[in-house]
Amino acid sequence: MMNHTVSIQDTGFVTHDVLQIKTDRPANFEFTPGQATEVAVLKDGYSNKKRPFTFTSLPSDGFLQFTIKIYPDHNGVTDKIQTLEQGDQLEISDAWGAISYKGPGTFIAGGAGVTPFISIFKDLADRNQLDENKLLFANKRERDIILDSKFNQWLGADFVNILSEEHNPKHAHGRIDKEFLKKNLKDKDKYVYICGPVPMINSVKEDLLEIGVEKEQIITEDL
């Protein structure tokens, strides 16, 4: 797998703790919506600390974009990333990834687990193929919802949020459990894509199987 050096063109926060970074794109660099890369910050002490981040740009864009949740209390790579400026450099690997679009269905995301779905939905919007797709998105609070307005624009009533630590009349409260899935799963015969913390993925998969979704219809990252 080859490594590539890219320079940051622009950065900006899209929520209180989620940063979007735009970089240049190496010649002939290819990826598909939903794929990721290993990223290292080319600064002293960080060049060997690689972390996986998902592309949130389109394969047809002339740049690369990443949407990254920042964890300041970890004092690690993501904390360093929020200090980067235009012209700073990252090292990225060739693209890899397990989640790819196979057909219409329901996408289920927890927090930053929504990032592989951003490029997928951008691509579907670009090709006018958003119909029959739905996103169920779990977060702690409303302010944590990544790209809230954009998902509303793309999906309308098929964008459903649930908040675990905040009661809000606009959104469901609690976690994505069996009852929530029964109420909101658009079509049990279509694909279900899941991305988020591992315990959430395992719990949702178990609930989906219990309510009658076939194992072959459930798409997750390789764990």
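Per-chain numbering applies: the sequence of each chain, read as written, is numbered from 1 onward. Restriction of local features to residues with pLDDT of at least 70 applies here, the model being predicted, together with a cutoff of 80 or more for giving and counting side-chain atom pairs; totals for whole chains, interfaces and linings are based on all residues. Side-chain numbers come from the whole structure's heavy atoms, not from hydrogens or water.

Asks: Please provide a residue-by-residue account of the sheet that holds strand S8 (residues 134-139), values included.
Replies: By definition, two strands form a pair when at least two bridges between them are found by DSSP. Going along the chain from the N terminus, every DSSP run of H or I of four or more residues is numbered as a helix, and every run of E of two or more is numbered as a strand. Read from one edge to the other, the open sheet built from six strands follows the order S10-S9-S8-S7-S11-S12, with strand pairing classed as parallel. If you trace the sheet from one side to the other, it starts and ends with strand S10 (172-173) and strand S12 (218-220), each paired once. The sheet contact formed by S8 and strand S9 (residues 159-163) spans five bridges and is parallel. Following the sheet pairing, Leu 135 is matched in S9 by Phe 159. Residue contacts follow a heavy-atom distance rule, with two residues in contact if any of their heavy atoms lie within 4.5 Å. Axes here mean lines fitted to C-alpha atoms, for a helix over just the part in contact, with angles spanning 0 to 180 degrees between N-to-C directions. Across the sheet, helix H2 (residues 115-126) lies against strand S7 (105-110), S8 and strand S11 (191-195), angled at about 145 degrees from S7, the strand it touches most. Lying over the sheet, helix H5 (residues 198-210) contacts S7, S11 and S12, oriented at roughly 160 degrees with respect to S11.

Asks: How would you explain the sheet that holds strand S6 (residues 89-93) if you had to name every residue and give the values?
Replies: Strand pairing in a sheet takes place through backbone hydrogen bonds and is either antiparallel or parallel in direction. Taken together, six strands build an open sheet; the order of strands is S4-S3-S6-S1-S2-S5 and the sheet is antiparallel. Looking at strand neighbours, the two that pair on one side only are strand S4 (51-54) and strand S5 (63-69), the edges of this open sheet. On average, each strand axis in the sheet is inclined to that of its neighbour by 40 degrees, with strand direction left out of account. In the sheet, strand S3 (residues 36-41) pairs with S4 via four bridges, with the strands oriented antiparallel. In the strand pairing of S4, Val 39 is matched with Arg 51.

Asks: A description of the pairing of S7 should follow, citing residues and the corresponding values.
Replies: By the criterion of burial, S7 is predominantly enclosed, with six of the six residues buried. Where S7 and S8 come together, five bridges link them in parallel fashion. What sits directly across from Thr 106, in S8, is Lys 134. The definition of a right-handed crossover adopted here requires that, viewed with the strands pointing away, the path from the first strand over the helix to the second runs clockwise. Regarding the hand of the β-α-β motif, the stretch spanning S7, H2 and S8 is right-handed. Accessibility here uses a 1.4 Å probe with only protein chains present; expressed as a share of the type maximum, an area under 20% marks a residue as buried, one over 50% as exposed, and anything in between as partly exposed.

Asks: So, the side chain of Gln 217: which residues are in play, and what are the values?
Replies: Along the chain, Gln 217 falls in the loop between H5 and S12. Here Asp 189 takes part through its backbone oxygen, which lies 3.2 Å from a polar atom of the side chain of Gln 217. Here Gln 217 is in contact with Asp 189, Lys 190, Tyr 191 and Val 192, once residues within four sequence places are set aside. N or O atoms within 3.5 Å of each other form a polar contact, as long as, within protein, one can give a hydrogen and the other can take it, and as long as residues adjacent in sequence are counted only when both atoms are side-chain atoms.

Asks: Which residues make up the packing of aromatic side chains, and what values do they have?
Replies: Two aromatic rings from Phe, Tyr or Trp, using only the six-membered ring of Trp, form a pair when their centres are within 6.5 Å; if the ring planes differ by under 30 degrees the pair is stacked, by over 60 it is edge-to-face, and anything between is tilted. This model, assessed by the stated rule, comprises 15 aromatic pairs. Ring centres 4.2 Å apart and planes at 10 degrees place the aromatic pair Phe 107 and Tyr 193 in the stacked group. Placement of the pair is Phe 107 in strand S7 and Tyr 193 in strand S11, with a sequence separation of 86 residues. Pair check on accessibility: Phe 107 and Tyr 193 agree, each one buried. Aromatic side chains Phe 137 and Phe 151 sit 6.5 Å apart centroid to centroid with 75 degrees between the ring planes, which places their arrangement in the edge-to-face category.

Asks: So what's going on with the nonpolar core? Which residues, and what values?
Replies: Across soluble globular proteins, nonpolar side chains have a tendency to be buried as a group. Val 114, Phe 117, Phe 121, Leu 135, Phe 137, Phe 151 and Leu 155 are the most contacted members of the largest nonpolar core, which has 24 residues in total. Secondary-structure elements contributing two or more residues to this core are S7, H2, S8, helix H3 (148-155), S9 and S11. Residue contributions to this core peak at five residues, all from H2. If we ignore the near neighbours within four places in the chain, the residues touching Phe 151 are Val 114, Ile 118, Phe 121, Leu 135, Ile 146, Gly 156 and Phe 159. Each nonpolar core is a collection of buried residues, namely Ala, Val, Leu, Ile, Met, Phe, Trp, Tyr and Cys, held together in the definition by side-chain atoms within 4.5 Å.

Asks: Tell me about unusual backbone geometry, and please be specific about residues and values.
Replies: Phi at Asn 28 is positive, roughly 65 degrees, even though this residue is not glycine. Position of Asn 28 among the secondary structure elements: in the loop between strand S2 (18-24) and S3. For Leu 147, which is not a glycine, the phi torsion comes out positive at approximately 55 degrees. With respect to the helices and strands, the residue Leu 147 is situated in the loop between S8 and H3.

Asks: Would you mind going over H2 in detail, with residue names and values included?
Replies: One less than the residue count of a helix, multiplied by 1.5 Å, gives the span that helix is expected to have. When the terminal C-alpha atoms of H2 are compared, their 17 Å separation across 12 residues agrees well with the 16 Å that a helix rising 1.5 Å per residue should span. Across the 12 residues of H2, nine count as buried, placing the element largely inside the fold. For H2, the complete set of buried residues consists of Thr 115, Pro 116, Phe 117, Ile 118, Ser 119, Ile 120, Phe 121, Asp 123 and Leu 124. Among the structural elements, S4, S5, S7, S8, H3 and S11 are those in contact with the buried residues of H2. One or two residues past the end of H2 sits Asn 128, with phi positive at roughly 55 degrees.

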